[in-house]
Amino acid sequence: MTFLLFAEQMLNGLQFGIMLFLMAAGLTLVFGVMGLINLAHGSLYMIGAFAAAAVAGATGSFVLALIASLAAAAAAGALIELTVIRRLYKRDHLDQVLATFALILILSEGTRWVFGSFPLYLDVPSYLSGPVTLPGGIQYPLYRLFIICAGLLVAGGLFALIARTRIGIQIRAGEADREMIAALGVDISRLYTLVFALGAALAGLAGALVGAIQSVQVGMGEPVLILAFVVIVIGGIGSIKGALVGALLVGMTDTMGGVLLPRFFALFLDPSAATTIGASLGSMLIYILMAVVLIVRPSGLYGSA
Amino acid sequence: MKLTKLAMLATTALLAAGAAMAEGKVKVGMITTLSGGGAGLGIDARDGFMLALKLSGSDAVEVVIEDDQQKPEIAVQLADKMIQAENVDVLTGIIWSNLAMAVVPSAVAQDKIYLSVNAGPSALAGKGCHPNYFNVAWQNDNLHEAAGAHATKAGYAKTFILAPNYPAGTDALTGFKRFYKGELAGEIYTTLGQTDYAAEIAQIRASGADSVFFFLPGGMGISFMKQYADSGVGLPVVGPAFSFDQGILQAVGAAALGVVNTSQWGKDLDNAANQTFVAAFQQEYGRLPSLYASQGYDTANLLLSAIGKADIADKDAFRAALKEADFASTRGDFKFGTNNHPVQDIYVREVIQEGDIFTNKIIGVALEDHVDAYAAECKM
């Protein structure tokens, strides 16, 4: 394996991790602050992608499309919180899973009803398309670099928000003791709506960013949701830092495992068996990683026990 | 008293049976994918099927349609319900091979006719063939074999091949390799449902390949083509029609322009049946048909042709009538081989742009009168 290929794969792992972080951040916030398991998080990712595709199709502007994805997903998140989720905080996790699973079905068929059954078109804008040559001669798509930068910016903003602002203090306080913060006069239900909308907006942004290089279709959120859950379990539920580290770990493991394992097996197996076994084992690798983390640290890397 | 009751019951039953006979309708159970990520394929197949019935003006067929959600266990439940409660004569509609494998063997063993609009797993073409099972689309390997033949003809000597790691994916690469004479620059099995192909594209770039063959149906293909075009690798791409059908070309956009793909059908095939089909489909549904729609349309016309020749109650005569395949196919000539799978030409198509619409144009023939590789294993 040459250095160029290795470096390119490292960048791919990084980009995949950043994308997972955008999904996992909202999920872990909602779980940490409100104690809610939200299976419909993937549907918000889908809503973001569809909103972006619709706006990009109508206006031709990618910037407007990104703004639309944030706005649509946040609005959908707030609406869902006010109408459905609000009733679930006091229920046990099984009721939450049931209700948010119903939301997945409703949102998916609703989206099909509005946009039809065929995938939508959303493309990388011309000023971000094509490869660039990085120092060292690595050819890498500009758009993927853009995703990495955008994700890092969002991560930075999120840390600043949590650590430096009044809302951040309230969110952290809500995580620690929700009765006490309510007693101190903070409007806890408004805070919950806000956190849920924020998480939804991040998922919507991830959907729009990724939708430009993938397929914008009904049900696109569910596979990502599973990975996002793996990320927050590894990182520790409720921890933004854990979500970032977990996302990068999962992104790197998945990408490098898929590349290196078939080569490893090719050393002592015949090529076609090596590719099959390597690919199968590669796709299991993140779950093995999760199992190992859970054995060593049952509450995740940064989870409070 | 008891006897009178029994007699009355018997009479009613006989009357009911008589009424059903008099109607003379053939009841068709269509199990297909109408929700979830794979819904576009099922909807096209259904629309094609229903269009043919509508155009024929015949009221000899009654159709019950159910959504399998692309889940084998649901397909099995629906098939049981249709056979036992609805009492259908003919089953059809399944898109995915894993669902077909769950439903078809038991349905044909219960003496129901099964007409496949799409899935053609090798297990049902070879040793597992059955007189009640007719495939109107293709055997799974066929379009990939044609892609292999085309790659050889185009002079590619180092092709990089990839497909998802599931039975139809392995069949695809096997089919390609069966007719491809060059050497392989690399061979990758991806995860089923994978949406990011950056790692694979990096390997293609580093492999020194001169061309790429991929089988990634539905959304996977959309993702791959967009990312491949954006990566600047720029090697020529060959694939089966499944990643370039009318339902997804709009979503891939300009990234697919010029890509060569293989199919048993194209909207520009020059025969009267096809021209009628394409025009009527556009008028009825306001979109261009895909190959899945053409397969549904052909299936319905095959069924109608058999109904015109034989009574469904006489299974032997009905099977013989189906086997004759005496209908005007959108593919032009259509005939069944010994294993009830099509013997047909497979064409090479190129993705072009017509106004705002991305679509396919036939540019040549990859394989003529192609018989699938499993026909010889079929003993019936």
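As a convention, each chain's residues are numbered from 1 in the sequence order in which they are written. Chain letters and ligand numbers both follow the written order, the letters beginning at A and the numbers at 1. Thresholds applied to this predicted model are a pLDDT of at least 70 for local features of residues and 80 or more for the giving and counting of side-chain atom pairs; totals over whole chains, interfaces and linings are not thresholded and use all residues. Only heavy atoms go into the side-chain values, all of them from the structure, while hydrogens and water stay out.

(A) Highlighting the overall build of chain A. A tally of regular secondary structure across chain A gives 11 helices and two strands. Only DSSP runs of H or I reaching four residues or more are called helices, and only runs of E reaching two or more are called strands; each is numbered from the N terminus. Listing each helix as α and each strand as β along chain A from the N terminus yields α-α-α-α-β-β-α-α-α-α-α-α-α. Our radius of gyration is a C-alpha quantity, and the globule rule it is checked against amounts to 2.2 Å times the number of residues to the power 0.38. A globule of 305 residues ought to have a C-alpha radius of gyration of about 19 Å, and chain A, at 20 Å, matches this closely. Referenced to the eigenvectors of the C-alpha coordinate spread, the extents of chain A come out at roughly 65 × 50 × 35 Å.

(B) Seen up close, the pairing of strand β9 (residues 237–240) of chain B. Residues and elements named next belong to chain B. The side-chain alternation of β9 yields two buried faces, one formed by Val-237 and Gly-239 and the other by Val-238 and Pro-240. Between any two strands, pairing holds if DSSP finds at least two bridges. Looking at chain direction, strand β8 (residues 211–214) and β9 are connected through two bridges and run parallel. Among the inter-strand pairings, Phe-213 is bridged to a residue of β9, identified as Val-238. Viewed with both strands pointing away, a crossover whose connecting path from the first strand over the helix to the second turns clockwise is right-handed. For the crossover from β8 across helix α9 (residues 219–231) to β9, the handedness is right-handed. Taken together, β9, helix α10 (residues 246–252) and strand β10 (residues 260–263) constitute a β-α-β crossover, and its handedness is right-handed. When a residue's accessible area, from a 1.4 Å probe over protein chains only, is under 20% of the maximum for its type it is buried; when over 50% it is exposed; and in between it is partly exposed.

(C) Up close: the interface of chain A and chain B. The partner chain B presents 35 residues to the 37 residues of chain A that form the contact. Between chain A and chain B the total buried area reaches about 2800 Å² when both faces are included, carbon and sulfur atoms providing 53% of it. Summed over both partners, the accessible surface that disappears when two parts come together, traced with a 1.4 Å probe, is what is meant by buried area. It is Phe-118, Tyr-121 and Gln-214 of chain A that lose the most area in chain A upon contact with chain B, and together they represent 20% of the buried surface on that side. The salt bridge definition used is simple: a Lys or Arg side-chain nitrogen within 4 Å of an Asp or Glu carboxyl oxygen. Taken together, the connections running from chain A to chain B amount to two salt bridges. Two N or O atoms form a polar contact when they lie within 3.5 Å of each other; inside protein one atom must be a possible hydrogen donor and the other a possible acceptor, and for residues adjacent in sequence the pair counts only when both atoms belong to side chains. Seen at the junction of chain A and chain B, the total is 14 residue pairs in polar contact (both at pLDDT 80 or more). If you list the elements that add at least two residues to the side of chain A that touches chain B, you get α1 (3–34), α4 (93–115), β2 (138–141), α5 (142–164), α10 (240–266) and α11 (271–296) of chain A. Side-chain classes are defined by residue name, with Ala, Val, Leu, Ile, Met, Phe, Trp, Tyr, Cys and Pro counting as nonpolar, Asp, Glu, Lys and Arg as charged, and the others, Gly among them, as polar. Of the residues assigned to the side of chain A that touches chain B, the class counts are 15 nonpolar, 16 polar and six charged. When checking whether two residues touch, look at their non-hydrogen atoms; a contact exists if any pair is within 4.5 Å.

(D) View of the state of the cysteines. All names here are of chain B. Sulfur atoms of two cysteines make up a disulfide when they are within 2.5 Å. Within the structure shown, the criterion is met by one disulfide over all chains. A sulfur-sulfur distance of 2.0 Å marks the disulfide that ties Cys-129 to Cys-378. With the S-S bond torsion at 90°, the cross-link from Cys-129 to Cys-378 turns out right-handed. Of the two residues, Cys-129 sits in the loop between α5 (122–125) and β5 (133–135) while Cys-378 sits in the segment after β13 (357–370), which places them 249 residues apart along the sequence.

(E) Structural detail: the side chain of Gln-214 of chain A. As for its placement among the helices and strands, Gln-214 of chain A is situated in the loop between α8 (188–211) and α9 (221–235). Here Thr-195 of chain B takes part through its backbone oxygen, which lies 3.1 Å from a polar atom of the side chain of Gln-214 of chain A.

(F) Spatial organisation of the domain arrangement of chain B. All names here are of chain B. Domain boundaries shown here were taken from an automatic or database domain assignment. Each assigned domain of chain B is listed here: domain 1 (2–138 + 270–340) and domain 2 (142–263 + 346–377). Here the C-alpha centroids of domain 1 and domain 2 sit 30 Å apart. Contacts between the two partners involve 14 residues from domain 1, matched on the other side by 17 residues from domain 2. Viewed at the interface, domain 2 and domain 1 are joined by two salt bridges. The closest approach of N and O atoms between Lys-127 and Glu-377, which form a salt bridge, is 3.9 Å.

(G) The packing of α1 of chain A against α10 of chain A, seen in detail. Interaxial distance between α1 of chain A and α10 of chain A falls to 7 Å at its minimum, and their mutual angle equals 145°. Taken as a pair, α1 of chain A and α10 of chain A cross one another with a handedness that is right-handed. To get an axis, a line is fitted to the C-alpha atoms, and for a helix only the part in contact is used. The angle between two axes follows their N-to-C directions and goes from 0 to 180 degrees. Handedness of each helix crossing follows the sense of rotation of the near helix against the far helix: counterclockwise by less than a right angle gives left-handed, clockwise gives right-handed.

(H) Inspection of the packing of aromatic side chains at higher detail. Residues and elements named next belong to chain A. Within 6.5 Å between ring centres, the rings of Phe, Tyr and Trp (the latter by its six-membered ring) count as paired, and their orientation is classed by plane angle as stacked under 30 degrees, edge-to-face over 60, tilted in between. A full pass over the atoms with the stated rule returns 23 aromatic pairs over all chains. Look at Phe-264 and Phe-268: their rings are 5.5 Å apart centre to centre, the planes differ by 85°, and that puts the pair in the edge-to-face class. Relative accessible area serves as the criterion here: at 45%, Phe-264 is assigned to the partly exposed category. Accessibility expressed as a relative area gives 52% for Phe-268, which makes it exposed.

(I) View of the nonpolar core. All names here are of chain B. Judged by nonpolar contacts, the single largest core of 92 residues is most densely connected at Leu-303 and Phe-318. At 10 residues, helix α12 (residues 291–309) tops the list of elements feeding residues into this core. Mapped onto the domain boundaries, this core takes at least three residues apiece from domain 1 (2–138 + 270–340) and domain 2 (142–263 + 346–377). Filtering out sequence-adjacent residues up to four positions away, Phe-318 remains in contact with Ile-113, Leu-303, Ala-306, Ile-307, Ala-310, Asp-311 and Ile-312. Nonpolar cores were defined as sets of buried Ala, Val, Leu, Ile, Met, Phe, Trp, Tyr and Cys residues, with membership established by side-chain atoms within 4.5 Å.

(J) Representation of the packing of helix α2 (residues 41–59) of chain A against α9 of chain A within the structure. All names here are of chain A. The geometry of α2 relative to α9 is characterised by a closest axis approach of 8 Å and an angle of 130° between their N-to-C directions. By the criterion of interaxial angle, the relationship of α2 to α9 is oblique. Like other packed secondary-structure pairs, α2 and α9 cross with a definite hand, here right-handed. Between α2 and α9, the contacting residues are His-41, Gly-42, Ser-43 and Tyr-45 on the first element and Gly-221, Glu-222, Val-224 and Leu-225 on the second. Its residues assigned to classes, the contact of α2 with α9 comprises three nonpolar, four polar and one charged. The cut-offs work like this: below 35 degrees is roughly parallel, past 145 is roughly antiparallel, 65 to 115 is roughly perpendicular, and the gaps in between are oblique.

(K) Structural view of the side chain of Glu-81 of chain A. Residue and element names in this part refer to chain A. If you trace the backbone, Glu-81 turns up in helix α3 (residues 62–83). Its relative accessible area of 0% is what places Glu-81 among the buried residues. There is a polar contact of 2.9 Å between the side chain of Glu-81 and the side chain of Thr-193. Leave out the neighbours within four places in its chain, and Glu-81 touches Arg-86, Tyr-89, Tyr-192, Thr-193 and Phe-196.

(L) Geometry of the pattern of salt bridges. Residue and element names in this part refer to chain B. This model, assessed by the stated rule, comprises 22 salt bridges over all chains. Put simply, Lys-309 and Glu-324 hold a salt bridge, and the shortest N to O gap is 2.4 Å. Of this pair, Lys-309 sits in helix α12 while Glu-324 sits in helix α13 (residues 315–324), and the two are 15 residues apart along the sequence.

(M) Seen up close, the confidence of the model for chain A. Residue-level pLDDT values for chain A average 89, and 99% of them are 70 or greater. Taken element by element, chain A is modelled with least confidence in helix α7 (residues 178–183) of chain A, mean pLDDT 83, and with most confidence in α3 of chain A, mean pLDDT 95. pLDDT: the predictor's confidence for each residue, scored from 0 to 100.

(N) Up close: α4 of chain A. Spanning 23 residues, α4 of chain A covers 32 Å between terminal C-alpha atoms, matching the ideal 33 Å at 1.5 Å per step. Residues of α4 of chain A that are buried include every one of Gln-96, Ala-99, Thr-100, Leu-103, Ile-104, Leu-107, Ser-108, Thr-111 and Arg-112 of chain A, and no others. Among the structural elements, α2, α3 and α9 of chain A together with α2 (39–56) of chain B are those in contact with the buried residues of α4 of chain A. Two residues or fewer after α4 of chain A comes Gly-116 of chain A, characterised by a positive phi angle close to 85°. In this analysis, the expected span of each helix is defined as 1.5 Å times one less than the number of residues it contains.

(O) Up close: the pairing of β8 of chain B. Residue and element names in this part refer to chain B. Here β8 shows no split at all, with Ser-211 and Phe-213 on one side and Val-212 and Phe-214 on the other all buried. Sheet topology note: the strand β6 (residues 158–164)/β8 ladder contains four bridges and is parallel. Looking across to β8, one finds that Phe-160 is bridged to Val-212.

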